[in-house]
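# A look at the structure
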Amino acid sequence: MADKEKYLTKLFGLKNLHKIEVYLQNGGYEAAKKAIKTKKPQDILNEVKAANLRGRGGAGFPAGVKWGFVPQGVEKPKYLCVNADEGEPGTFKDKYIMSHNPHLLLEGIIITSYCVGIHQAFIYIRGEYEMIARRLEKAIEEATAKGFLGKNIFGSNFDLEVIVHRGAGAYICGEETALLESLEGKRGHPRLKPPFPASIGLFGCPTVINNVETIANIPFIMARGAEWFTQIGLPKDGGTRIFGVSGAVKKPGIYELPLGTSLRELIYNYAGGLPEGKKLKAVIPGGMSAPVLKADEIDIPLDFESLMKAGSMLGSGAVIVIDHETSMLDVLRVVSKFYAHESCGQCTPCRVGVAWINKIVQRIAAGGGQPGDLETITRLASAIKGKTLCPLGDAAAMPILAIVEKFKDELLDQIGSLKDN
Amino acid sequence: MVKITIDGRQVEVKEGMTILQAAESIGIEIPHLCFHPAFPPEGSCRLCLVEIEGRPKLELACSTIVQEGMTISTQSETVRQARRSVLEFLLAEHPLDCPICDKAGNCQLQDYYQEYGLFDSQFKENKERKSKKVALGKNLILDRERCILCTRCVRFLKEITRTGELGVFQRGLRSEIDYFPGQPVDNNYSGNLAELCPVGAITDKDFRFQTRSWFLQSGPSICPHCSRACSIYIDYHVGFPRVELDKYVYRIRARENPEINDYWICDFGRYNYAYLEKKRATKVLVRENGQAQEGDWDSQIERLVKKIKEFYLKKKTNRIGLVLHSALTNEELYLAKKIFQEDLPEVNIFLIDPPEGEGDNWLLTPSRTPNLKGLELIGLQPQKFPPEKPLTELEILIIFAYLPHGEDQYNQLRSLLEKSHFSVLFTAHQTALMNQVDVVFPTTLLAEKEGSVVNVEEKLQKFPAALTPPGTARSEREILLTLGRGLGINFSFYRQLKTPAAVFDQLSQDISYFRGSK
Amino acid sequence: MMDLSPETRKKITQLTAKYPQKQAALLPVLHLIQNEMGYIPQEAEIWVAELLGLQPVRVKEVITFYTMFLEKPIGRYHLQVCTNLSCTLAGAEHILNYLIKKLGIKPGETTADGRFTLTTVECLGACEQAPCMMINFDYYGNLTPEKIDEILDGLE
Ligand SMILES: Cc1cc2nc3c(=O)[nH]c(=O)nc-3n(C[C@H](O)[C@H](O)[C@H](O)COP(=O)(O)O)c2cc1C
Ligand code: SF4
Ligand code: SF4
Ligand code: FES
Ligand code: FES
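A few points on the structure. These numbers were taken from a predicted model, which means no experiment stands behind them.

What follows is about the environment of Leu-96 of chain B. Among the secondary structure elements, Leu-96 of chain B is positioned in the loop between α2 (77-92) and α3 (108-117). The class of Leu-96 of chain B is exposed, set by a relative accessible area of 73%.

What follows is the structure, given as structure tokens:
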């Protein structure tokens, strides 16, 4: 059933799929050819808008709408930046797309660029994915040799160059404007918005930024149409998502499922449930920035709206399963350390506030917890939320608030018992 | 124009204004730290958050452009709460060393805390330890623990001086301001950083631990050191009863002037202020038989007037020499022109200015006096100096001496002095020249006079007297008026010019450039 | 003058030509230099700055921002142990402690023979193989003490 609906990962089992011959044998680059040879950019834009493809990077913004914001008929060049930074803890799906099927991503890039009128695209990939970056570069070489990239693609008069650009160890560079700064050779300091990248982005030019998985959906929408797409998943939230499951499950890994699949089903039917003897305590449903759900909150469809209503978010589709033996203080400790480490340091509430929370949490973890610490953490996190320059402040504050709120008793117990020791 | 409502007040403001500017224009203060009007908004301190009706989140006043119908609150409980939090964050890691901080009394963070904060510190963790005494360059010291990372300093060097010496190193809470090893701040505008830093992180070595800012008074004036004539403040100590201070003037600061120097002045002008106090001439000195003795103003001026009159009556004014410089005010130069170019014909007028220095293609000009343009506009027509043909003997030589900057004017004037029978010197400083003249009169400096100058770009500036002159020093304007009246050639003209403003009025009636300027 | 191999120099030249603005080549050029030299010495910062028409201070701002750029030489093998959530759930702490004991160094330190440097890192994007680490650019997942012994023994 679900296997029938798979399309992004369907071919992942094939040997040497990353080589262009294999990809071509399996219908690769047909969608791009069709787009460039038979479609006008506006037709493609209409199709992507009709599909209502929502961004797979975290925020879930409709891709077609975003592309539509790019001003047409301006002198300046336009750019595409594919966000392959994949730094959100728990997330590893883009890695699978890029390593198993790099040509799928390239094909998506070709169609997107043709649609928006872009002649230079960058794949901003996290620095640690060095092997994958090389694989992508190889794929670009192959595609260029076939005339699918470079000058006069598929014999048309459309040119496109793709450059793989490696980051160097900074989670914040996954945030779209920090990514632009980083790509320009600067510190990854998020920019003040507005202006938005669609009007002033890379090198001050109109820029589209999309996640790898978002772009990987494009060839399928092109080939099979918006209607097909909206019939998978939910009408307003169509297609599949590649969920990455990790933590306390028997079969951690990626699972491509239609949007709207229930979280319980994903954990128990697909990821094999928890290992023997372990009980479910909590789930982080959309990467570390997503507020935690308790064990009794997992009967929920995995889509943007439902998770938002539950006070969490679908984010990057990374599901982290936490078992009953894990102390929530440990979770809190890892979460606060992570954000304190990754704050770019630009704005006050995030730079000082998150580090302050982290100092309190580390003190508690070292046995120095004091009455009122949890209240202070809540107060500080609330003071950060909604008041920072970029969404990292919220990404830190929200999961921290949720952990402290939902597991207050456990945390208090632990503060007490750590002190007694 | 757009109509908006701020704190219940309906106002119309210019389109394109930010909320911060709009609020300011009607006298509502919104606290802000990273924003400085010289740069585009940075949005990093988050102190300026305000509430806009219909928006889910608080928005930045420094970067949000007003829109028709916006309803803004700068005082709601949510806004106050957010402000307190930001201040709490800023102060959490900030040292509590205001009692020994040079910025105290003049620190935006301290002020805002008093105004909007006033919470008890809840911060019980270990503060980040950072270097407290980093030499940023020859004039500046950085205390990294006090730094709030507003990056004004970095942006000033990147965007204004374009020398870019400073940067932010590391990230997160460990972020710090630094320069590349061996390449500290080294430009002629470094002193501005200490003023620009909203807290006491960057302090001026020259001012460090000298006094507390609340003992200082500020007098607006202009910088006399080059033809840009930047607007400045002179900060001086009013003194304590019964306590002798070894200093009167403590520092020079830029005074905002969008026409001329924006918010900045150069280091050459900033740090060159010792002349205001050092080696000042304070007494009238008379030389007789090689001995200098204290004289009295009135009788010595009368003596000079008498001598001039004598040659005027003999129609031998071509035997009088006058040495001027262009650090005098328009009012003074105008009077000099009236007397020595119009009342007395054929006086030999020489313009002797300090030698040119190096300019820096921004504010500092090669010419080292503030009013060369004024002198031209007023129509003084000095002779070439040194003169092409040999000088005739001079009966009287009247010298107005410029600010001594190393090079002594005596060398320039030696040839003139050797040819003169009687010479008087008007000077603000004691110099070697004093020993070569018959009478020395102590005069005032620009900082001590009211008047006006015209800078290199023909911008006119008026200024009041910022400081009190030392001893019996008198301004050149007063001196010239006394001469004018004493000569009696055009007595009624000089009699009505009692104040600098009256001289300026007269001047603007005469010369079109000055007309219409207030 | 910088000691860079002709291949690296050639790559650098190709790289800088690809970008619409020279400065954009900064991260890739720094990666190339670090690949060859093991770290980015100060003279390299100055060299890169000149190459890309920047001030050295801009280069240092960037190097100190990104955790992967090293300003000092480290051991031949850089063991980067993930201590983020999925790995912690899978016992990253034991893995880290095992390495600390085995190598006799704490995170941030290098063994006396200069072979190993141990650091802790945030999520490596390999949570499905938790607990995991990287050694230089190679990933190693589902770590156990035995597996670690095997991996380290297999290194030159
Ligand atoms: C702190 C932070 C980290 C982010 N990291 C990533 C990331 O690693 N990959 C990604 O695709 N989007 C990331 N995002 C979201 C991007 O800012 C952006 O919304 C996304 O790339 C847009 O692409 P999409 O619309 O296709 O999802 C991050 C956002 C924030 C605030
Ligand atoms: S919220 Fe954090 S990461 Fe974002 S700009 Fe502010 S300091 Fe940087
Ligand atoms: S030193 Fe002063 S001006 Fe510079 S960032 Fe720090 S607080 Fe701001
Ligand atoms: S003044 Fe607006 S954010 Fe700093
Ligand atoms: S948490 Fe360790 S790789 Fe993601």
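Let us keep going from here.
Quick look at the packing of aromatic side chains now. By the definition in use, this model includes 35 aromatic pairs over all chains. Aromatic side chains Tyr-7 of chain A and Trp-228 of chain A sit 5.0 Å apart centroid to centroid with 70° between the ring planes, which places their arrangement in the edge-to-face category. Here Tyr-7 of chain A, found in the loop between α1 (2-5) and α2 (20-25), pairs with Trp-228 of chain A, found in helix α10 (residues 212-231); they are 221 residues apart in sequence, far enough to count as distant. When its relative accessible area of 2% is taken as the criterion, Tyr-7 of chain A is described as buried. Aromatic side chains Tyr-77 of chain C and Phe-116 of chain C sit 5.8 Å apart centroid to centroid with 35° between the ring planes, which places their arrangement in the tilted category. Taken as a pair, Tyr-77 of chain C in strand β1 (residues 77-82) and Phe-116 of chain C in strand β2 (residues 116-121) lie far apart in primary sequence, 39 residues in all.

All names here are of chain B. Pairing in this open sheet of 3 strands is antiparallel, and the strands run β6-β7-β10 from one edge to the other. The open sheet has two free edges, formed respectively by β6 (134-135) and β10 (202-204), since each of these has just one partner strand. Sheet topology places β6 next to strand β7 (residues 140-142); 2 bridges connect them, and they run antiparallel. Bridged to Val-134 within β7 is Leu-142.

With that settled, the discussion passes to the interface of chain A and chain C. Contacts between the two partners involve 54 residues from chain A, matched on the other side by 38 residues from chain C. Interface area for chain A against chain C, summed over the two sides, is near 3,700 Å², with a carbon-plus-sulfur share of 59%. Interface area lost by chain A to chain C is led by Glu-128, Ala-168 and Arg-187 of chain A, which between them contribute 17%. Counting the contacts that link chain A with chain C gives 2 salt bridges. Lys-95 of chain A is the partner of Glu-128 of chain C in a salt bridge, and the nearest nitrogen-oxygen pair spans 2.9 Å. Across the contact surface, chain A and chain C share 19 residue pairs in polar contact (both at pLDDT 80 or more). Contributions of two or more residues to the side of chain A that touches chain C are made by α6 (93-100), β2 (120-125), α8 (130-145), β3 (161-166), α9 (176-183), β7 (240-247), β11 (318-323) and α13 (328-342) of chain A. Take the side of chain A that touches chain C: its biggest share by element is 7 residues, from α13 of chain A. Among the residues forming the side of chain A that touches chain C, the class breakdown is 26 nonpolar, 16 polar and 12 charged.

So, on to the site of ligand 1. Residue and element names in this part refer to chain A. Taken together, 19 residues are adjacent to ligand 1, and Gly-57, Asn-83, Asn-210, Asn-211 and Thr-214 come closest. Side-chain polar atom of Lys-66 to an oxygen atom of ligand 1: 3.0 Å apart, as the coordinates give it. Within the side chain of Thr-214, one N or O atom sits 2.7 Å away from an oxygen atom of ligand 1. If ligand 1 stood free it would expose 610 Å²; the protein chains cover 91% of that surface. At 3 residues, the largest contribution of residues to the shell around ligand 1 is made by strand β4 (residues 207-211). Per-class residue counts for the shell around ligand 1 are 4 nonpolar, 9 polar and 6 charged.

What counts as what
- Residues numbered from 1 in each chain as written.
- Chains lettered and ligands numbered in written order.
- Predicted model: local features only at pLDDT ≥ 70, side-chain atom pairs only at ≥ 80, totals over all residues.
- Heavy atoms only, no water.
- Helix = DSSP H or I, 4+ residues; strand = E, 2+ residues; numbered from the N terminus.
- Buried < 20%, exposed > 50% of the residue type's maximum accessible area, 1.4 Å probe, protein only.
- Phe/Tyr/Trp six-rings, centres within 6.5 Å; stacked < 30°, edge-to-face > 60°.
- Pairing = 2+ DSSP bridges.
- Contact = heavy atoms within 4.5 Å.
- Buried area = accessible area lost by both parts, 1.4 Å probe.
- Salt bridge = Lys/Arg side-chain N within 4 Å of Asp/Glu carboxyl O.
- Polar contact = N/O pair within 3.5 Å; in protein donor to acceptor, adjacent residues only side chain to side chain.
- Nonpolar A, V, L, I, M, F, W, Y, C, P; charged D, E, K, R; others polar.
- Near = heavy atom within 4 Å.
- Areas by Shrake-Rupley, 256 points an atom, 1.4 Å probe, with all protein chains shown as cover.

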